[in-house]
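One-letter residues, chain by chain:
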Amino acid sequence: LGEYLPVLENLPCPVDTVLDLGANVGLSVRYWIDTFSPSVAVAVEPDPGNHAVLIENLDLISNEKTAVKPICGCIAKRSGLMGLERTSGEWSYRTTANVKPGEAGVQAYTIPDILQKVGLSEIDLLKCDVEGAEAEIFEDCENWLTCFKAIAIEIHDVETREKILG
């Protein structure tokens with residue numbers, strides 16, 4: 001988890017609340033809990049299999065200070081039901097606008113939806129690793145961006161980097 005060292009070195013505040021988008025099986029969430037011992041750690045993961053492992057992994061943590069709130073779903077520009085497209089195996093998937101026939105789909109939440117669902121209006125650290133959906137998510141972020149004191153985003157292409165940082 002050395003990729004988070006720049007985050008740790010540049011945090012503008014103590015971390016008491018964490019929102020982890022694209023939590024996968026919970027390793028990054030566990031890292032945040034072990035490092036900061038926050039009062040709340042929200043873990044959002046769209047893949048049902050990964051989400052089940054995330055819950056098992058987080059159940060192993062013995063940190064009575066942290067309320068862990070796992071959410072099976074994805075972050076999107078709009079709420080609703082989305083498809084989950086697997087392109088390179090279990091570890092690589094993207095959400096799609098359409099649910100394929102016979103597929104259960106995944107619940108999409110906006111950032112304000114998540115904040116309301118967990119009862120928070122501010123988050124100290126947002127970690128975002130959403131496999132290319134970050135451009136869409138941050139396209140209209142003016143209404144919620146100030147809810148976060150620090151943000152760590154994994155950006156997946158140059159065009160998205162320019163949109164977010166430009």
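It should be noted that the structure appears before, not after, this text.
Residues numbered from 1 in each chain as written. Predicted model: local features only at pLDDT ≥ 70, side-chain atom pairs only at ≥ 80, totals over all residues. Heavy atoms only, no water.

*Asks:* Where do I start with the side chain of Thr66 in this structure?
*Replies:* Tracing the sequence through the fold places Thr66 in the loop between helix H3 (48–59) and strand S3 (67–72). Sequence-distant contacts of Thr66, defined by excluding residues within four places in its chain, comprise Ile33, Ser37, Pro38, Ser39, Val40 and Ala41. (Helix = DSSP H or I, 4+ residues; strand = E, 2+ residues; numbered from the N terminus. Contact = heavy atoms within 4.5 Å.)

*Asks:* I keep staring at the environment of Arg78 and nothing clicks. Help me out?
*Replies:* With respect to the helices, strands and loops of the structure, Arg78 is situated in the loop between strand S4 (74–75) and strand S5 (80–86). Along the primary structure Arg78 and Ala67 are separated by eleven residues, whereas in three dimensions their C-alpha atoms are 27 Å apart. When neighbours within four sequence positions are excluded, Arg78 is seen to be in contact with Ala108 and Thr110.

*Asks:* Whenever I open this one, unusual backbone geometry confuses me. Can you help?
*Replies:* Where the residue is not glycine, phi is negative for most of them; where a peptide bond is considered, it is trans in most cases. The backbone of Asn24 sits at a positive phi, close to 55°, despite the residue not being glycine. Along the chain, Asn24 turns up in the loop between strand S1 (17–21) and helix H2 (27–36). Phi at Ser37 takes a positive value of approximately 50°, unusual for a residue other than glycine. Examined against the element boundaries, Ser37 turns out to sit in the loop between H2 and strand S2 (40–45).

*Asks:* What am I meant to see in the environment of Glu154 here?
*Replies:* Of note, Glu154 is situated in the loop between strand S9 (148–153) and helix H6 (158–165). Exposure remark for Glu154: the relative accessible area of 39% places this residue in the partly exposed category. Among residues more than four places away in sequence, those in contact with Glu154 are Cys128, Asp129 and Glu134. (Buried < 20%, exposed > 50% of the residue type's maximum accessible area, 1.4 Å probe, protein only.)

*Asks:* Can you help me understand the pairing of strand S8 (residues 123–128) in this one?
*Replies:* Each regular strand carries side chains that alternate between the two faces of the sheet. Counting buried positions along S8 yields six of six residues, so the element is predominantly enclosed. Examined bridge by bridge, S1 and S8 share four bridges and lie parallel to one another. Bridged to Leu21 within S8 is Cys128. One crossover worth recording links S8 to the parallel S9 by way of helix H5 (residues 134–139), and it is right-handed. (Pairing = 2+ DSSP bridges. Right-handed = clockwise from strand over helix to strand, strands pointing away.)

*Asks:* Any chance you could explain the sheet that holds S2 here in plain terms?
*Replies:* Strand pairing in a sheet relies on backbone hydrogen bonds, with the paired strands running either antiparallel or parallel. Across the sheet, five strands lie side by side as S3-S2-S1-S8-S9; this open sheet has parallel pairing. In this open sheet, the two strands that pair with only one neighbour each are S3 and S9. Between one strand axis and the next, the sheet turns through 15° on average, direction left out of account. Note that S2 and S3 share six bridges and pair parallel. Among the inter-strand pairings, Ala41 is bridged to a residue of S3, identified as Val68. The strands touched by H3 within the sheet are S2 and S3, with S3 carrying the most contacts at an inclination of about 170°. Of the strands in this sheet, S1, S2, S3, S8 and S9 are in contact with helix H4 (residues 111–118), which crosses S3 at around 135°. (Axes fitted to C-alpha atoms, helices over the stretch in contact; angles between N-to-C directions.)

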